[in-house]
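# Geometric and topological summary
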Amino acid sequence: MGNVSVIGCGYVGLTTAVCLAHLGHTVVAADIDASRVELLNAGHAPMYETGLDQLLAEGLANGRLRFVNDSAQAVAQARFHFMCLPTPQGVDGAANLDALDTAMEELGDVFPAGSVVILKSTVPVGTADEVRARLLRPEVAVVSCPEFLREGTAVHDFLHPDRIVIGATNDRAATDVAGLFAAIDTSVLTMSNRSAEAVKYSANAFLATKLSFINSIARICESVDADVLDVVAGMGADNRISAKFLQPGPGWGGSCFPKDVAALSHLARSAGAPAPLLDAVLVANDEQINHVTTRVMQALGPRPVDSRVRCEARIGVWGLTFKANTSDRRDSPALEIVRRLQAAGLTVQAFDPTVSEPITELPELVIAGDPYEAAAGCDVLVILTEWEEFALADLQKTAEVMRAPRMLDARNIFAADTTQLDGFAYSGVGR
Ligand code: UDX
């Protein structure tokens, strides 16, 4: 079993730390946020993830896991160092590597000889080579091991991955890192650092492409009176395509896809191999967000053209997070749609199971305490996140509290022909 340090306790770092401790390794995880470290040592995770609390409690109780505020302290006793730092979108879409650069500068001399730095954050192709060149310590290996976990199912995805990708120039380091995951039953693909870095960007960009593609097909279906869900069933039955990741929606978001597609596009341009398809994927997503916004406004019917005439229409929103089963609203299409509706002069009130206070990004958004309060007095109700709670809601009660019972189900959580929807003017996306 290995001695491991984890630098950065966000979604990826914390999941890595608790899961490696669960696999039997001794883990010291560091974060620059002292209050986060204190909470973690007391057994409180800063985000909700299925299974995370249990593994956190397990690791703290058996002594294999602890959190510190000082990354040098975490690194000093460890042989494997997982760098799990944020790489947000920077200028021109390029990934901003400041957090990684700062950590590497601080820790460069502290990594024990013979230890292995493992880059888990999503980084541009060539980053591991640059880190190695700047480190100037040939006795410290630099390995790429991209993480593919999804928020909401992070622990499950870490412990049951479709594959583990390891990029290295040093065979021994690659074998040792693979050894950390020996208890996980999956295939391990070993390649160069550059290829491993490219795998992560390509996988995310491909998934985002699938989503922009199906959202475009959904818009076509709406125009030609076809049902996108039947189209997905028919397409997805082809093994080469598969129906996974083909659910149309209000546009895709989250902390990874938007920044990673932009970063890959930037990388492509800098490498002299521009990839216009990637830019089209981003444009199509923005168009989908706009399209859903427009459909909400169309559902209201004709409105006064004179902008001085105050519009009394009220929109109810179900769901603000970028997908269900996470409290994360980063780059959520729901927030962008609310913003665009408000910019068009509409009053918006919303319910999300993870939101109880007004949100700083949208101070004028009225936050409701339950789905019915969000629908009360509204002219249109739009479903933007696929929380199970919405599928189980009492639709008759919902229709009764609305001023006009119109629903735009931008996640297609209801079957269009269900009797549940009696009394509603209902439409989904692509149907
Ligand atoms: C993603 C990748 O899936 C993961 O492998 C990577 O490590 C990080 O980025 P995540 O951001 O957690 O994970 O969310 P994901 O479940 O992939 O969903 C991304 C977006 O696509 C969400 O807005 C979601 O609502 C949307 N989506 C997903 C659809 O609209 N339809 C689908 O069929 C699937």
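The shown structure was predicted, so the numbers you read here are calculated from the model rather than taken from an experiment. (Residues numbered from 1 in each chain as written. Predicted model: local features only at pLDDT ≥ 70, side-chain atom pairs only at ≥ 80, totals over all residues. Heavy atoms only, no water.)

In this section: the site of the ligand. Inspection of the region around the ligand gives 18 residues, with Phe148, Leu149, Glu151, Gln247 and Arg411 positioned closest. A distance of 3.0 Å is found between an oxygen atom of the ligand and a backbone nitrogen or oxygen belonging to glycine 253. For the ligand, an oxygen atom lies 3.0 Å from a polar atom in the backbone of phenylalanine 322. Notes on the ligand: free accessible area 670 Å², of which the protein chains cover 91%. Looking at which element gives the most residues to the shell around the ligand, the answer is helix H9 (residues 193-224), with 3 residues. Broken down by class, the residue content of the shell around the ligand amounts to 9 nonpolar, 3 polar and 6 charged. (Near = heavy atom within 4 Å. Polar contact = N/O pair within 3.5 Å; in protein donor to acceptor, adjacent residues only side chain to side chain. Areas by Shrake-Rupley, 256 points an atom, 1.4 Å probe, with all protein chains shown as cover. Helix = DSSP H or I, 4+ residues; strand = E, 2+ residues; numbered from the N terminus. Nonpolar A, V, L, I, M, F, W, Y, C, P; charged D, E, K, R; others polar.)

This paragraph deals with the side chain of aspartate 260. In this fold, aspartate 260 is placed in helix H11 (residues 257-270). Here lysine 259 takes part through its side chain, which lies 2.9 Å from a polar atom of the side chain of aspartate 260. Leave out the neighbours within four places in its chain, and aspartate 260 touches Thr122, Tyr201 and Asn204. (Contact = heavy atoms within 4.5 Å.)

Turning our attention to the packing of aromatic side chains. Applying the stated criterion across every chain, the model contains 6 aromatic pairs. Judged by centre distance (6.2 Å) and plane angle (55 degrees), the rings of phenylalanine 158 and phenylalanine 181 are tilted. Residue phenylalanine 158 is found in helix H7 (residues 154-159), and its partner phenylalanine 181 is found in the loop between helix H8 (171-180) and strand E8 (187-191); the two are separated by 23 residues along the sequence. Of the residues examined, phenylalanine 158 reaches a relative accessible area of 4% and is grouped as buried. Phenylalanine 181 gets classed as buried once you look at its relative accessible area, which sits at 5%. An angle of 75 degrees between the planes, with centres 6.2 Å apart, marks the rings of tryptophan 252 and phenylalanine 257 as edge-to-face. Cluster of aromatic residues (ring-pair linked, three or more members): Phe82, Phe158 and Phe181. (Phe/Tyr/Trp six-rings, centres within 6.5 Å; stacked < 30°, edge-to-face > 60°. Buried < 20%, exposed > 50% of the residue type's maximum accessible area, 1.4 Å probe, protein only.)

Looking now at empty space enclosed by the protein. Here the structure, examined in full by the defined rule, presents 1 cavity of 30 Å³ or more. For the largest cavity, the calculated volume is near 50 Å³. Along the walls of the largest cavity sit Leu119, Ser121, Thr122, Val123, Ser144, Cys145, Pro146, Glu197 and Lys200, which together make up its complete lining. (1 Å grid on protein atoms, 1.4 Å probe; cavity = no way out; pocket = protein on both sides within 12 Å on 5 of 7 lines; lining within 4 Å. Points joined across faces, edges and corners; volume = space filled by probe spheres on them.)

Further remarks concern the state of the cysteines. According to the stated counting rule, one finds 0 disulfides in the structure shown. With no disulfide of its own, cysteine 84 lies 8.3 Å from the sulfur of cysteine 9, the closest cysteine sulfur. A disulfide-free cysteine, cysteine 145 has its sulfur positioned 9.3 Å from the sulfur of cysteine 84, the nearest such atom. Using a relative accessible area of 2% as the deciding quantity, one classes cysteine 145 as buried. (Disulfide = S-S within 2.5 Å.)

Attention shifts here to the nonpolar core. Core analysis: the largest hydrophobic core is formed by 41 residues, its most contacted members being Phe67, Phe82, Ile118 and Phe181. Excluding residues within four positions of it along the chain, phenylalanine 67 makes contact with Cys9, Leu14, Ala29, Val37, Leu40, Asn41, Leu56 and Leu60. Grouped together as the second largest cluster of nonpolar side chains are 34 residues, Ala95, Ala103, Ala205 and Val281 included. (Core = buried A, V, L, I, M, F, W, Y, C linked by side-chain atoms within 4.5 Å.)

Looking now at the packing of helix H1 (residues 11-22) against helix H3 (residues 52-62). Where H1 contacts H3, the axes come no closer than 9 Å and their chain directions differ by 55 degrees. Between H1 and H3, the angle falls in the class oblique. Seen along the crossing, H1 lies across H3 with a hand that is left-handed. Contacts from Leu14, Thr15, Val18, Cys19 and His22 of H1 reach H3 at Leu52, Leu55, Leu56 and Glu58. Looking at the contact of H1 with H3 residue by residue, the classes come out as 6 nonpolar, 2 polar and 1 charged. (Axes fitted to C-alpha atoms, helices over the stretch in contact; angles between N-to-C directions. Parallel < 35°, antiparallel > 145°, perpendicular 65-115°, else oblique. Left-handed = near helix turned anticlockwise from the far one by under 90°.)

Let us now look at unusual backbone geometry. Residues other than glycine seldom take positive phi values, yet phenylalanine 245 does so here, at roughly 60 degrees. Its place among the elements puts phenylalanine 245 in the loop between helix H10 (228-236) and H11. For phenylalanine 245, a relative accessible area of 33% puts it in the partly exposed group. You will see that asparagine 412, though not glycine, has its phi angle at about 50 degrees, which is positive. Within the element layout of this structure, asparagine 412 appears in the loop between strand E13 (406-409) and strand E14 (425-428). Overall, the relative accessible area of 11% leaves asparagine 412 in the buried class.

On to the domain arrangement of the chain, then. The domain architecture assigned to the chain consists of domain 1 (3-191) and domain 2 (286-428). Put simply, the middle of domain 1 and the middle of domain 2, counted by C-alpha atoms, are 39 Å apart. Buried surface at the junction of domain 1 and domain 2, both sides included, amounts to about 440 Å², of which 34% is carbon and sulfur. Of all residues in domain 1, Tyr11, Tyr48 and Glu151 give up the largest surface area on contact with domain 2, accounting jointly for 79% of the area buried on that side. Taken together, the connections running from domain 1 to domain 2 amount to 1 salt bridge. The salt bridge involving arginine 330 is made with glutamate 151; its shortest N-O contact spans 3.5 Å. (Domains from an automatic or database assignment. Buried area = accessible area lost by both parts, 1.4 Å probe. Salt bridge = Lys/Arg side-chain N within 4 Å of Asp/Glu carboxyl O.)

Counted under the stated rule, the structure contains 22 salt bridges. The partner of aspartate 238 in a salt bridge is arginine 240, with the nearest N and O atoms 2.8 Å apart. Here aspartate 238 falls in the partly exposed class, since its relative accessible area comes to 23%. Measuring nitrogen to oxygen at the nearest pair gives 3.7 Å for the salt bridge that ties arginine 329 to glutamate 361. In this pair, arginine 329 is assigned in the loop between strand E9 (314-318) and helix H13 (333-343) and glutamate 361 in the loop between strand E10 (347-351) and strand E11 (366-367), connecting sequence segments 32 residues apart. The exposure class of glutamate 361 is partly exposed, given its relative accessible area of 36%.

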